Amino acid sequence: MFNENTCLRCGICLEKCPTMQLPIEIAKEEISKMIETRISEKIIKECTGCGYCNIICPTGSNPVELIRELRMKNHRENGVRCIGIISEEMPYNLMKIGFEIDKEQKQQQIIKYENPPKCDTMFYLGCGISYFYQELANTKLFEDFPLLGGMKYCCSAYAYSYFGEKESKIKGLEFYEKLKTLGIKKLITFCPGCDTMIRNIYPSIIEDFNIEAQTVIEYFIEKYHKGEFKIKQKINKRIAFQDPCTWRIYDKKIYDGPREFLEILGAEVVEMKYNRENSHCCGLPVSSSSRKLGTKIAEERISEAENINADIIAHICTGCLSNLSTYAIKRNINSYYITELAQMAIGETPILKILEKKKKTDAQIMKTIMENPNILKNKYIIKNGKILPL
Ligand code: SF4
Ligand code: SF4
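Residues numbered from 1 in each chain as written. Chains lettered and ligands numbered in written order. Predicted model: local features only at pLDDT ≥ 70, side-chain atom pairs only at ≥ 80, totals over all residues.

K.L.:
Help me out: how do you make sense of the site of ligand 2 in this one?
P.N.:
Taken together, Cys17, Thr19, Met20, Cys47, Thr48, Gly49, Cys50, Gly51, Tyr52, Cys53, Val64 and Ile67 form the complete shell of residues around ligand 2. Within the residue set of the shell around ligand 2, elements represented by two or more residues are α4 (52-56) and α5 (63-78). Taken together, the residues of the shell around ligand 2 break down into eight nonpolar, four polar and no charged. (Near = placed C-beta within 6 Å. Helix = DSSP H or I, 4+ residues; strand = E, 2+ residues; numbered from the N terminus. Nonpolar A, V, L, I, M, F, W, Y, C, P; charged D, E, K, R; others polar.)

Structure, rendered in structure tokens:
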């Protein structure tokens, strides 16, 4: 919760915000207006939801929750575009669009991800890998447990971030019942958003929610210490890690893992100027509302990696991978999902070609929008767990 009583209306949060950097007098006015009205067009358009303001607020007032309240008010009143609602009920959403790229190849895998054999532990791919980056799951690194994914098993993070706890609880209970039916007790996660829902959000809003979350990074570290992850060739490179924003907002305890794992792989870990809980966003969340702003944020982040002579920027979030790779590779910095580096260390050659994939994705999104212009016009709300046109 945002604490209105401790907030000084000092404006520091919006002045030091890496995206907005408002002059202090304007920042003071904006925050006062937001507190009074829960309205701000500027925030709706430009805020990435990165949560950096929380760590710079001198009174610990939790400004990111004020922003979340304001966004939810906006969503309830004006609805959200179908593209962001990852549900089978939607005629179009980002995952359905991603699925259209190389659909024949992907179809069989989706059937497998949505119909895994019963097991108490599974690799939980999330929608990003299921529909866009299946290549990441195509490795012997993930042969110990079944792969779970597809829209049928979406964590429904969209319900929490767009409409709040009440709607999220309904979707979360549906998700939990499906997991229990499969006998799942533990999910090894890839996407930081899925991880946060299982590790932090659902246990706090669903009474008996009892699924353990372990990131794929933590899983590999554990295997390494048990002698079950053997390095064939060290990755002798300078590698910077792009910390996902969700870790800062919900769980600050897992920053060491990626660094430890990269060192296990033989890398020299180098830190960008803004790292761990101080890290900056990749810019993806604002790219659809302002490409210019999304580009600026991404370019600044890559400059940080360039300034420390990083050879590689590594990611755990496929959103960061997708948004930063174009800018990184242009400046001769390689960009990999962290499990691709693990593949190299065991002697495999990763098959994901991120730039090719990104080009195809952008083209497919444009094509779908041109053929169905209503995608951008039609808005939806969620009420009592049901998705309804506004
Ligand atoms: S939320 Fe914190 S930084 Fe922002 S105006 Fe209030 S006290 Fe200042
Ligand atoms: S969440 Fe991030 S982008 Fe939004 S106001 Fe806070 S620091 Fe700025």
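K.L.:
Sorry, what's going on with the nonpolar core here?
P.N.:
In globular proteins that are soluble, nonpolar side chains generally tend to be buried together. Counting residues in each nonpolar core, the largest one holds 108 residues, and the members touching the most others are Ile239, Ile313, Ala314, Leu324 and Leu341. Sorting elements by how many residues they give to this core places helix α9 (residues 157-163) first, with six residues. Setting aside chain neighbours within four positions, we find Leu341 in contact with Ile235, Leu265, Ala314 and Tyr336. (Core = buried A, V, L, I, M, F, W, Y, C linked by C-beta atoms within 7 Å. Buried ≥ 20, exposed ≤ 12 C-beta atoms within 10 Å, placed from the backbone. Contact = placed C-beta atoms within 7 Å.)

K.L.:
Help me understand the pairing of strand β4 (residues 186-189), please; the structure alone is not making it clear to me.
P.N.:
Side chains on a regular strand alternate between the two faces of the sheet. Two strands pair when backbone bridges link them, and strand β2 (residues 121-124) and β4 are joined in this way by four bridges, in the parallel orientation. From the neighbouring strand, Tyr124 faces β4, where its bridge partner is Thr189. Here β4 runs beside strand β5 (residues 212-215); their pairing, made up of four bridges, is parallel. Along β5, the bridge assignment pairs Thr189 with Thr215. Following the backbone out of β4, through helix α11 (residues 192-205) and into the adjacent parallel β5, one traces a crossover that is right-handed. (Pairing = 2+ DSSP bridges. Right-handed = clockwise from strand over helix to strand, strands pointing away.)

K.L.:
Please clarify how the sheet that holds strand β10 (residues 379-383) should be interpreted in this entry.
P.N.:
Taken together, the three strands give an open sheet; going across it, the order is β1-β10-β11, and neighbouring strands pair in antiparallel fashion. The outermost strands of the open sheet, each flanked by one partner alone, are β1 (80-81) and β11 (386-389). Where β10 meets β11, four bridges bridge the pair, whose relative direction is antiparallel. Looking at the pairing, Lys383 lines up with Lys386 of β11.

K.L.:
Please explain the domain arrangement of the protein chain as it appears in this structure.
P.N.:
One frequently used descriptor of interface size is the decrease in accessible area upon assembly of the parts. The assigned domain composition of the protein chain is domain 1 (12-79), domain 2 (83-229) and domain 3 (231-361). A separation of 26 Å is found between the C-alpha centroids of domain 1 and domain 3. Looking at the side of domain 1 that touches domain 3, the elements that each hand over two or more residues are α3 (41-46) and α4. No other element matches the three residues that α4 contributes to the side of domain 1 that touches domain 3. Taken together, the residues of the side of domain 1 that touches domain 3 sort by class into five nonpolar, five polar and two charged. (Domains from an automatic or database assignment.)

K.L.:
How should I be thinking about the packing of helix α17 (residues 318-330) against helix α19 (residues 354-371) in this particular structure?
P.N.:
Packed helix pairs are characterised by how far apart their axes lie and by the angle those axes make with each other. Across the interface, α17 lies against α19 with an axial gap of 10 Å and an inter-helix angle of 120°. The crossing of α17 and α19 is left-handed. In this structure, α17 uses Leu321, Ser322, Ser325, Thr326 and Ile329 to contact α19, whose residues at the interface are Ile354, Leu355 and Lys358. The residue makeup of the contact of α17 with α19, split by class, is four nonpolar, three polar and one charged. (Axes fitted to C-alpha atoms, helices over the stretch in contact; angles between N-to-C directions. Left-handed = near helix turned anticlockwise from the far one by under 90°.)

K.L.:
Is there a simple way to explain the site of ligand 1 in this structure?
P.N.:
Lining the immediate environment of ligand 1, one finds Cys7, Leu8, Arg9, Cys10, Gly11, Ile12, Cys13, Ile31, Cys57, Thr59, Ser61 and Pro63. Across the shell around ligand 1, the residue classes break down as eight nonpolar, three polar and one charged.

K.L.:
I keep staring at the packing of helix α16 (residues 291-307) against α17 and nothing clicks. Help me out?
P.N.:
Contact pair α16 / α17: the axes reach a minimum separation of 9 Å and the direction vectors enclose 60°. The angle between α16 and α17 places the two elements in the oblique class. Note on packing geometry: the crossing formed by α16 with α17 is right-handed. Seen from α16, the contacting residues are Gly294, Ala298, Glu299, Arg301, Ile302 and Ala305; seen from α17, they are Asn323, Leu324, Tyr327 and Ala328. (Parallel < 35°, antiparallel > 145°, perpendicular 65-115°, else oblique.)

K.L.:
Which parts of the structure should I look at to understand unusual backbone geometry?
P.N.:
Of all residues except glycine, most have a negative phi; of all peptide bonds, most are trans. Phi at Asp102 takes a positive value of approximately 55°, unusual for a residue other than glycine. Take Asp102: it is sitting in the loop between α6 (94-99) and α7 (103-114). In this structure, Asn384 is a non-glycine residue whose phi angle is positive, near 50°. Mapped onto the fold, Asn384 is located in the loop between β10 and β11. Classification of Asn384 as exposed rests on a count of 8 C-beta atoms within 10 Å.

K.L.:
Before we go on, may I ask you to explain the environment of Ile313 in this structure?
P.N.:
Mapped onto the secondary structure, Ile313 falls in strand β8 (residues 312-315). Overall, the presence of 28 C-beta atoms within 10 Å leaves Ile313 in the buried class. When the C-alpha atoms of Ile313 and Leu324 are compared, they prove to be 8.8 Å apart, with 11 residues separating the residues in sequence. Residue contacts for Ile313: discarding those within four places in its chain leaves Ala240, Gln242, Ala305, Leu324, Ala328, Ile333 and Ser335.

K.L.:
What exactly am I supposed to notice about the pairing of strand β6 (residues 238-242) here?
P.N.:
For β6, a buried count of four out of five residues is recorded, marking the element as mostly surrounded by other parts of the structure. With two bridges connecting them, β6 and strand β7 (residues 268-269) associate as parallel partners. By the bridge assignment for β7, Ile239 is matched with Val269. Direction of pairing for β6 relative to β8: parallel, over a ladder of four bridges. The residue bridging Phe241 from the neighbouring strand is Ala314, located in β8.

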